[in-house]
Amino acid sequence: MTVANENLTQIPGLGRAVRASCARRSGRRPPEATAVATLPPRSPAPLSTAAPRRRTIASVNASPPTVRPPAAPQRPRRDTRLAEDWERRLGAVAPVRGLLEEIRADGLAVLADHFYGDMLDDPRAARYLSPEQVRERLKPSLQRWLRDLLAAGIGDLDTLYAQQQHVGHVHARIGVPVDLVYRGGRMLKDGLRAAIRARADGEAAALEAIEAVDSLLDIAFETMTRAYARSREDAGAVDGSFRLFSLIQNIGTERERQRALLLAWENAVLYALTAEQPGPTQALLISRSEFGLWFLHKGLASFGDTAETREVAAISGRIDQALHERLPGADAAARRALLEDLRAWAEEIRSLVGMLFEGIGDLESGRDALTRLLNRRFLPTILRREISLHANTGRQFAVLMLDLDHFKAINDTHGHETGDRALQHVAALLVDNTRGSDYLFRYGGEEFVVVLGSVGETEALGIAEGLRRAIAESPLTLADGGRLDLTASIGVALQDGHPDYERVLARADAAMYQAKRGGRDRVVLAVKGMPEPPGARALRY
Ligand SMILES: Nc1nc2c(ncn2[C@@H]2O[C@H](COP(=O)(O)OP(=O)(O)OP(=O)(O)O)[C@@H](O)[C@H]2O)c(=O)[nH]1
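None of the values given here were measured: they were computed from a predicted structure.

Student: What should I look at first to understand empty space enclosed by the protein in this one?
Tutor: Rolled over the atoms, a probe sized like a water molecule indicates the empty space that remains. By the definition in use, this model includes four cavities of 30 Å³ or more. Within this model, the largest cavity holds a volume of roughly 50 Å³. Lining the largest cavity, in full, are G168, H171, V178, V181, Y182, M224, T225 and Y228. Residue composition of the lining of the largest cavity, grouped by class: five nonpolar, three polar and no charged.

Spelled out as structure tokens, the structure:
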């Protein structure tokens, strides 16, 4: 419950904001998100009002932009058993409603003070919290969250459920330790118990209210935890595929290299087994060969635990065992037989490794097919890493949101193919005018995101200005020899210590929108209080 409360008011729907503006500018619908997070309106709105469906930053988890029909409104995905439990627990609150109303009316500010006082004392929580955030946003939103929970009736189930889910997703994005969340839950229970006892008319009434509130908090935290776990699993899968993707950058070359190394081992064995003196067995073991070392250190890490990798490992073991057992003292005929077996096993390995490489061919989808820049689905992985690096080392990073100007007119005047060539041209300029350590993503149709690691404001603005100038000064040469001038609007946001990666993206987006409004072909730095782009309703500072 540390950051979640802030996010109840600050974060909801940032992904939607970014996606909406992306769609707005690109003319293409952003990809569908998987997660559905719905929140009640910010201020004292009735909980029973159905909350709008919100998309989360799963936006950037999705595949490249595609045109899709509008999504039908959906209720948040719910587990039926959990929903029944919610209903039961909300029902149990009814008889004690009067007492809870009293607590809602005057008891929550003290509780929020106590809660955040304790959290700020915890050095781990300090990573996610600043006294200013706590004072300005977190305490009020914790009170709001509690007020909503204590006032909720069965008709509010959808909203409540989605609210807890959202909190869980946010905790996962930020990486709040689960035990800290549970500690927060425990503190709230203790505080509410004390408040109930202070106001209840007798022990029996107090116990009834305590039981009702405890069970409500329990189920709220269970719902959050489920969403948290699902989010972490999804993020883990993407992180995993990114590791794999970055490990084997050029699959074709790597595959040929490993074929050659396996062949080199086979030749060494052939040479040794047909020579008069085969030499030491140890030198022939496949596990000691360059291929064997590659497989152990990189192949297994890259391909993971699959039937094929297990089979390669088993055959390699068989090869080494046969060499140990059958080579020492073997006569020419025995060596010939051994050689035949070894070559047959090597052939099996070759075919299995070929299959493994084929299986990861689709990792090429880690790159955008047109521009060869990184696919946006890896953006959360990179931003989470940068945020964690910033927390651990203080190294700041920046996000540039770059959108080509009047791109529709280019398509309309010169055709879609020329538009595609312009996108490739700009992608190449981005590569040429950034550092090797920067990450370049195609974010939407004619929109790019650049993540600059270890930069301050001046350097980030310098790189952004360099990109702007490079694009403005490097027209695309057309098939008929003519030239097509291009410009871009760039929003720059420096990481401000906020642990949620959606926020820095949304700030860069707002700055980019200002660059468009200011006349295009310019760089704008995100500053506090910048107005939201239309459609980005949840973009709040
Ligand atoms: N050729 C090509 N065009 C694309 C691609 N993806 C999106 N677009 C086009 O990009 C254009 C974006 O247009 P708008 O969002 O109206 O923005 P704009 O014309 O660049 O105007 P401003 O952003 O306001 O300067 C649309 O016409 C899209 O069809 C693509 O992959 N290839």
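Let's pick the thread back up.
Student: I keep staring at the pattern of salt bridges and nothing clicks. Help me out?
Tutor: Where side chains of opposite charge bring their charged atoms close, a pairing between them can arise. Summed over the entire model, instances satisfying the criterion amount to 26 salt bridges. Measuring nitrogen to oxygen at the nearest pair gives 3.8 Å for the salt bridge that ties E132 to K528. Remark: K528 occurs in the segment after strand 8 (523–525) and E132 occurs in helix 8 (residues 131–151); sequence separation between them is 396 residues. Residue E132 is classed as partly exposed on the basis of its relative accessible area, which comes to 37%. What makes K528 exposed here is its relative accessible area of 67%. For E266, the salt bridge goes to R350, with nearest N and O atoms at 2.9 Å.

Student: Any chance you could explain the side chain of D405 here in plain terms?
Tutor: On the secondary structure map, D405 appears in the loop between strand 2 (398–404) and helix 17 (407–414). Within polar-contact distance, the side chain of D405 engages the backbone nitrogen of A488 at 3.4 Å. The residues contacting D405, other than those within four sequence positions of it, are T487, A488, S489, K516, R520 and D521.

Student: Looking at this model, I keep getting lost on the environment of H414. Mind explaining?
Tutor: Note that H414 resides in helix 17. Separated by 70 residues in sequence, H414 and L484 have C-alpha atoms that sit 9.3 Å apart. Excluding its chain neighbours within four sequence positions, the residues that come into contact with H414 are L478 and L484.

Student: Sorry if this is basic, but what is going on with helix 20 (residues 501–517) here?
Tutor: Working note: α-helix, 3.6 residues per turn, so residues spaced by three or four point in the same direction. The end-to-end C-alpha distance of helix 20 is 25 Å, a good match for the 24 Å that 17 residues give at a rise of 1.5 Å each. Within helix 20, 16 of the 17 residues are buried, leaving the element largely enclosed by the surrounding structure. Of the residues flanking the start of helix 20, the one acting as N-cap is D500, its side-chain oxygen 3.0 Å from the backbone nitrogen of E502.

Student: Would you mind showing me how to read the pairing of strand 3 (residues 439–442) here?
Tutor: Taken residue by residue, a regular strand's side chains alternate between the two faces of the sheet. Going residue by residue along strand 3, you find Y439 and F441 tucked away on one face and L440 and R442 tucked away on the opposite face as well. Two strands pair when backbone bridges link them, and strand 1 (residues 374–375) and strand 3 are joined in this way by two bridges, in the parallel orientation. Pairing of N375 across the sheet is with R442, part of strand 3. With four bridges connecting them, strand 3 and strand 4 (residues 447–452) associate as antiparallel partners. When the sheet's bridge partners are listed, L440 is paired in strand 4 with V450. Between strand 3 and the antiparallel strand that follows it, strand 4, lie four residues.

Student: It is not clear to me how the nonpolar core should be interpreted in this structure. Could you clarify?
Tutor: Within soluble globular proteins, side chains that are nonpolar generally end up buried alongside one another. W86, W145, L188, L192 and I196 are the most contacted members of the largest nonpolar core, which has 52 residues in total. Looking at this core, the elements that each hand over two or more residues are helix 4 (80–93), helix 5 (97–106), helix 6 (108–121), helix 8, helix 9 (157–174), helix 10 (178–199) and helix 11 (203–247). Here this core gets 11 residues from one element, more than from any other, and that element is helix 11. By size, the runner-up hydrophobic cluster in this structure holds 31 residues, among which are L402, A427, I463 and L484.

Student: Just to check I follow, could you spell out the sheet that holds strand 1 for this structure?
Tutor: Within a sheet, neighbouring strands are paired by backbone hydrogen bonds and run either parallel or antiparallel to one another. Taking strand neighbours across the sheet as the criterion, the six strands line up as 1-3-4-2-7-8 in an open arrangement whose pairing is mixed. Both edges of this open sheet fall to strand 1 and strand 8, since each of them pairs with a single strand only. Against the sheet, helix 19 (residues 457–473) touches strand 2, strand 4, strand 7 (488–494) and strand 8, its axis set at about 170° to strand 7.

What counts and how
Residues numbered from 1 in each chain as written. Predicted model: local features only at pLDDT ≥ 70, side-chain atom pairs only at ≥ 80, totals over all residues. Heavy atoms only, no water. 1 Å grid on protein atoms, 1.4 Å probe; cavity = no way out; pocket = protein on both sides within 12 Å on 5 of 7 lines; lining within 4 Å. Points joined across faces, edges and corners; volume = space filled by probe spheres on them. Nonpolar A, V, L, I, M, F, W, Y, C, P; charged D, E, K, R; others polar. Salt bridge = Lys/Arg side-chain N within 4 Å of Asp/Glu carboxyl O. Helix = DSSP H or I, 4+ residues; strand = E, 2+ residues; numbered from the N terminus. Buried < 20%, exposed > 50% of the residue type's maximum accessible area, 1.4 Å probe, protein only. Polar contact = N/O pair within 3.5 Å; in protein donor to acceptor, adjacent residues only side chain to side chain. Contact = heavy atoms within 4.5 Å. Expected span 1.5 Å × (residues − 1). Pairing = 2+ DSSP bridges. Core = buried A, V, L, I, M, F, W, Y, C linked by side-chain atoms within 4.5 Å. Axes fitted to C-alpha atoms, helices over the stretch in contact; angles between N-to-C directions.

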